[in-house]
Amino acid sequence: MNMRATPAALMPAIHPVSLRVDTYLINLDRAPLRRFRMERLLVGIGLAFERVAAVDGAGLSLPHPDFDEAAYLSRHGRRPNPFEIGCFFSHVECARRFLSGNAEFALILEDDLDFDADLADVIEAALQHQTRWDILRLSTVNSGRKHRVEALTASRSLAIALTREKGSGAYLINRKAAGWIAGSMLPMRLPYDLAFDLEFDEGLSACFVDPLPVSQRADACSQIQAGLSAYRLGRRRPWSVLPYRAAAEIRRFAARFGRLVASRVSGQDRSVGMSGQDRSPGSSGKPIETISPG
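These numbers come from a predicted model, not from an experiment. For every chain, the first residue of the written sequence is number 1, and numbering continues from 1 onward in sequence order. It should be noted that, the model being predicted, local features are given only for residues of pLDDT at least 70 and side-chain atom pairs only at 80 or more, the latter also being counted only at that level, while totals for whole chains, interfaces and linings use all residues. Side-chain measures were taken over the full set of non-hydrogen atoms in the model, leaving aside hydrogen atoms and water.

Before going further, it helps to spend a moment on the overall build of the protein chain. Looking only at helices and strands, the protein chain has seven helices and ten strands in total. Using a 1.4 Å probe on the protein chains alone, a residue whose accessible area is under 20% of its type maximum counts as buried, one over 50% counts as exposed, and one in between counts as partly exposed. Counting all 294 residues of the protein chain, 46% fall into the buried class. Contacts are assigned to residue pairs that have any heavy atoms within 4.5 Å of one another. When contacts within the protein chain are restricted to residue pairs at least 6 apart in sequence, long-range pairs at least 24 apart make up 81% of them. Of the roughly 14700 Å² of accessible surface on the protein chain, a fraction of 56% belongs to carbon and sulfur atoms. Each helix is a run of DSSP H or I of at least 4 residues and each strand a run of E of at least 2, with the numbering of both proceeding from the N terminus. For the area figures, the Shrake-Rupley method with a 1.4 Å probe applies, and any residue is considered shielded solely by the protein chains shown.

Below is the structure:
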């Protein structure tokens, strides 16, 4: 199903956010039940979408020009997982499709998600704060603390995570972030969700919505997770992995902590500025000069 190709008479009510956001649903051809379930969810919240046939790891062979096996081994310390590689290439394909069109933003979704009913409204609110982020993450499989920086709706806020966050089930990107995904992230050197969590190295800004409006369900049939132990090297893992991870954590914390402090300071400055303004009807909007008696 491609809702952009559906006759207008058959279209459900579409949320206005779809005018600015292209939505891509990643789904394997051999997973029709997942597809049907996600289609119902998306139609239910009024998001137009395009299904993207996922790259099936079962059909991949190595070496591959877009996979750097040596860098993957030295950074991740595991044998190549073809289903992980297929996942990576699927997300890259979504970024490429987005860049080939004219939309301002893209919403990229995997097919094992649950949505809160206000997802489309949350996205619409987040677009009003687009200068805050290049990547807006709507889901995670981690439980690390999210530090709130600005309200989006009555119940949700923009937030910054200072620690590593895994999972790439649902996220928004602008065209700058898409250019990075389809460009500098290749060849693949890490699993997609780990590479995607290094946006700060490219000068990009990432935020979360807190609390999250999308949950990524644990799926016993996930091929990436199935038999994962077969790809682990244990004590034979290269010595370079731990220093690489430690350096990444330090860079991540420094970059995001700096953004968090800057966001808090700018928020305080705005509050001070508002408190110093005459908000009464008919005022010029300039600060009121007060004169002490005597």
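Turning our attention to helix H5 (residues 175-182). Of the residues making up H5, those classed as buried are Ala177, Ala178, Trp180, Ile181 and Ala182. Against the buried residues of H5 lie helix H3 (82-100), strand E5 (135-137), strand E8 (170-174) and helix H6 (192-196).

Attention now goes to the side chain of Ser139. Its location among the elements puts Ser139 in the loop between E5 and strand E6 (146-151). The exposure class of Ser139 is buried, given its relative accessible area of 1%. A distance of 3.1 Å separates a polar atom in the side chain of Ser139 from the backbone nitrogen of Ala170. Setting aside chain neighbours within four positions, we find Ser139 in contact with Gly169, Ala170, Phe208, Leu212, Val214 and Gln216. We define a polar contact as two N or O atoms separated by no more than 3.5 Å, with the added condition that, inside protein, one atom must be a possible hydrogen donor and the other a possible acceptor, whereas residues neighbouring each other in sequence contribute only through side-chain atom pairs.

The subject of this paragraph is the packing of aromatic side chains. Stacked, tilted and edge-to-face are the three classes assigned to paired rings of Phe, Tyr and Trp, where Trp is represented by its six-membered ring and a pair needs centres within 6.5 Å; plane angles under 30 degrees give stacked, over 60 edge-to-face, the rest tilted. According to the stated counting rule, one finds eight aromatic pairs in the structure shown. On the numbers, 5.3 Å between centres and 55° between planes, the contact of Phe67 with Tyr72 is tilted. Centre to centre, the rings of Phe88 and Phe89 are 6.3 Å apart; their planes meet at 85°, and the pair counts as edge-to-face. An aromatic cluster is defined as three or more aromatic residues linked by ring pairs; in this entry it consists of Phe88, Phe89, Tyr171, Tyr192 and Phe196. We count a charge as sitting over a ring when the NZ of a lysine or the CZ of an arginine lies within 6 Å of the ring centre and within 35 degrees of the ring normal. Directly above the aromatic system of Phe208 lies the positively charged group of Lys146, at a separation of 5.1 Å from the ring centroid.

As a further point, take the pattern of salt bridges. We count a salt bridge whenever a side-chain nitrogen from Lys or Arg sits within 4 Å of a carboxyl oxygen from Asp or Glu. Throughout the structure, instances matching the rule amount to 19 salt bridges. With a closest N to O distance of 2.6 Å, Arg34 and Asp111 form a salt bridge. Placement of Arg34 in helix H1 (residues 32-45) and of Asp111 in the loop between strand E3 (105-109) and strand E4 (113-115) is noted, with a sequence separation of 77 residues between them. You can call Asp111 buried: its relative accessible area is 7%. What you see here is one network of salt bridges that share partners, running through Arg137, Asp197, Glu199, Glu249, Arg252 and Arg256.

Turning our attention to the sheet that holds E3. Here a strand pair is declared whenever DSSP counts at least two bridges between the two strands. Spatially, the eight strands line up as an open sheet ordered E2-E1-E3-E8-E5-E9-E7-E6, and their pairing is mixed. Every other strand in the sheet has two partners, leaving strand E2 (50-53) and E6 as the edge strands with one partner each. Neighbour to neighbour, the strand axes of the sheet diverge by 30° on average, direction disregarded. Across three bridges, strand E7 (residues 157-161) lies against strand E9 (residues 206-210) in antiparallel orientation. Bridging from a neighbouring strand, Ser157 pairs with Asp210 of E9. Angles run from 0 to 180 degrees between N-to-C directions of axes, and those axes are lines fitted to C-alpha atoms, restricted for helices to the stretch in contact. Packing against the sheet, H1 makes contact with strand E1 (21-27), E2 and E3, and its axis sits at approximately 160° to E1.

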